[in-house]
Amino acid sequence: MKDNYKAIANHRDHVFWHPLVLFKLHIPRNSFISWVALHGILKTRDKLVRWGVININKCVLCEDGIESEAHIFHDFPFFALIWNGLLLKLGFCRGNTPTWEVEIQWCITFFAGNDLISTIKKLVFNGFIYQIWSERNNRIFNAKNKSAHKVSLLIIQDIQLKLSAHPRTICDTIENKTFMMKWNFNYTFTQIFWKQCWWIGPEEDEIMISTNGSLKETSVGYGALLRNKEGQVTDCAYGGSYHISVASHELQGVELGLNLAIENHIPKIHINLDSMAIFLLLSKADLHPPWSLIHIWRRVCALLQNFERVKFSHCYREINRATDFLASIHPEHGIVRLLQSQFSLEFQKILYEDSTRKVYWR
């Protein structure tokens with residue numbers, strides 16, 4: 001059904017700037033105007049002239065340039081002054097970029113990330129576009145105008161209001177404290193405590209089954225890896241299927257691993273998972289799994305009856321890199337058995353680091 005909808009509906013290609021506009025804690029009205037502006041479809045005067053709605057395409061604000069997205073948000077000196085002031089407050093001291101397109105690319109590069117400070121930078125970008133467009137409309141339709149300071153203050157107040165409703169913590173560093181004080185944001189600062197982790201093999205008489213699942217927009221993958229106590233590979237495989245859900249593909253990895261263990265006549269297994277949801281689902285013998293998982297869950301439970309002893313453990317993702325590698329291959333469909341002679345250098349390196357108990361920090 002999803003494929004049919006995509007075939008019928010007129011979808012644009014994915015835009016490279018979407019992480020700059022749509023992210024956690026975004027302000028919908030601001031992101032909407034940004035989305036329209038970055039698509040270049042705001043009703044600016046240059047377009048209205050092309051459509052025959054008006055006869056003059058000059059910017060009503062400066063009477064100097066042709067009004068377009070690039071002129072309003074980048075070239076017009078008054079609004080450029082506001083943007084440069086906001087950048088300075090964000091900790092960036094730089095000159096003007098040559099074009100609006102270059103400015104967008106610069107923001108994508110330097111505002112990337114999902115942490116709180118990166119989120120604030122993106123909120124500033126979207127707030128700037130919204131308030132500038134609002135100020136432009138206010139000057140045209142209401143003959144009223146605000147000072148650069150007032151527009152900047154509205155952008156900051158929008159962000160403060162948004163963040164006040166979503167309390168979050170941030171790492172206690174001098175840089176973060178300075179940033180938050182500069183913006184007058186009150187947040188809880190926390191200390192980061194790093195922990196060590198490494199691959200831990202199974203018992204002497206067991207084989208460890210490590211599994212993983214991966215879901216992307218256009219492809220699916222899952223993998224399973226069987227190893228003994230020394231980290232030597234007994235068997236491994238990866239597969240692909242149609243889209244279901246991340247949890248379903250994680251379970252497909254478990255099902256694949258169990259089938260490999262049965263084919264190798266292994267009586268005692270230790271299943272190692274980095275998905276807490278799947279670990280709890282299997283280790284707690286939950287009789288009421290989500291309806292979307294019920295069929296594959298039943299198949300996995302039936303396969304588990306073939307073993308003398310089954311253990312479950314949860315691991316950090318850092319030490320499940322081997323199956324993460326297998327799950328990332330994403331074949332179109334079916335299962336691919338991987339022989340040791342076919343192991344890539346990257347995969348061999350991961351296996352070696354696990355077997356030598358390389359320490360990872362998280």
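Look up a bit, the structure's there.
This one's a predicted model, so the numbers in the text were calculated from it and none came from an experiment. Counting of residues starts from 1 at the beginning of each chain's written sequence and follows it residue by residue. Note on the predicted model: pLDDT of at least 70 is required for a residue's local features to be given, and 80 or more for side-chain atom pairs to be given and counted; whole-chain, interface and lining totals, by contrast, use all residues. Computation of side-chain values covers all heavy atoms of the structure but excludes hydrogens and water.

Colleague: For this particular structure, what's the right way to read the pattern of salt bridges?
Modeller: Opposite charge on two side chains allows them to pair when their charged atoms are near. Here, a salt bridge means any side-chain nitrogen of Lys or Arg that lies within 4 Å of a carboxyl oxygen of Asp or Glu. Inspection of the entire model under this criterion finds 20 salt bridges. Across the salt bridge formed by K146 and E135, the nearest N and O atoms sit 3.5 Å from each other. One end of the pair, K146, is in the loop between α8 (116-141) and α9 (148-164); the other, E135, is in helix α8, and eleven residues separate them in sequence. Overall, the relative accessible area of 25% leaves K146 in the partly exposed class. Think of it in three bands: residues with accessible area under 20% of the maximum for their type are buried, residues over 50% are exposed, and the middle band is partly exposed, with areas taken using a 1.4 Å probe on protein chains only. For E135, a relative accessible area of 1% translates into the label buried. Across the pair D205 and K268 runs a salt bridge, and its minimum N-O distance is 3.1 Å. In this pair, D205 sits in the loop between β3 (196-197) and β4 (207-215) while K268 sits in strand β7 (residues 268-273), placing the two residues 63 residues apart along the sequence. Strands here are runs of E lasting at least two residues and helices are runs of H or I lasting at least four, both read from the DSSP assignment and numbered beginning at the N terminus.

Colleague: Before we go on, may I ask you to explain the sheet that holds strand β6 (residues 233-240) in this structure?
Modeller: To summarise the sheet geometry, strands pair through backbone hydrogen bonds and adopt either a parallel or an antiparallel arrangement. Here the rule is simple: two strands pair whenever DSSP picks up at least two bridges between them. Pairing in this open sheet of six strands is mixed, and the strands run β8-β7-β4-β5-β6-β9 from one edge to the other. Looking along the sheet, the strands with just one partner apiece sit at the ends: β8 (309-314) and β9 (334-337). Across the sheet, the axes of successive neighbouring strands diverge by a mean angle of 20°, strand direction being ignored. As paired strands, strand β5 (residues 220-227) and β6 are joined by six bridges and run antiparallel to one another. When the sheet's bridge partners are listed, L226 is paired in β6 with D235. Axis angles are defined between N-to-C directions and span 0 to 180 degrees, where every axis is a line fitted to C-alpha atoms and, for a helix, only to the segment in contact.

Colleague: Is there a simple way to explain the layout of surface pockets in this structure?
Modeller: Vacant regions in the atomic arrangement are exposed by a probe of water-molecule size rolled over the atoms. Only protein atoms enter the 1 Å grid used here, on which a cavity is any set of points holding a 1.4 Å probe that cannot leave and a pocket is any open set flanked by protein within 12 Å on both sides along at least five of seven lines; residues with an atom within 4 Å of a point are listed as lining. Grid points are joined across faces, edges and corners, and a volume is the space filled by probe spheres set on the points. Of the volumes computed, that of the second largest pocket is approximately 230 Å³. Considering the residues around the second largest pocket, the lining is formed by 19 residues, among which W198, I200, N272, S313 and I319 are closest to the centre. Where the lining of the second largest pocket is concerned, the elements lending two or more residues are β3, β7 and β8. Considering each element in turn, the lining of the second largest pocket owes the most residues, three residues, to β8.

Colleague: What exactly am I supposed to notice about the packing of aromatic side chains here?
Modeller: Describing an aromatic ring pair means giving the distance of the ring centres and the angle of the ring planes. Stacked, edge-to-face and tilted labels apply to pairs of Phe, Tyr and Trp rings (six-membered ring for Trp) whose centres lie within 6.5 Å, assigned for plane angles under 30 degrees, over 60, and everything in between, in that order. The full count for this structure, using the stated rule, is 17 aromatic pairs. Measuring from centroid to centroid gives 6.5 Å for W100 and F125, while their planes differ by 10°, and the two rings are stacked. Placement of W100 in helix α7 (residues 100-110) and of F125 in helix α8 is noted, with a sequence separation of 25 residues between them. The exposure classification of W100 matches that of F125, with both residues buried. Counting every residue linked through ring pairs, the aromatic cluster contains F73, W83, W100, F125 and F128. The aromatic ring of W106 is capped on one face by R94, whose charged end is 4.4 Å from the ring centroid. Comment: the charge-over-ring label is applied if NZ (Lys) or CZ (Arg) is within 6 Å of the ring centre and within 35 degrees of the ring normal. In this structure, R139 is placed above the aromatic ring of F78, and the distance from its NZ or CZ to the ring centre is 4.7 Å.

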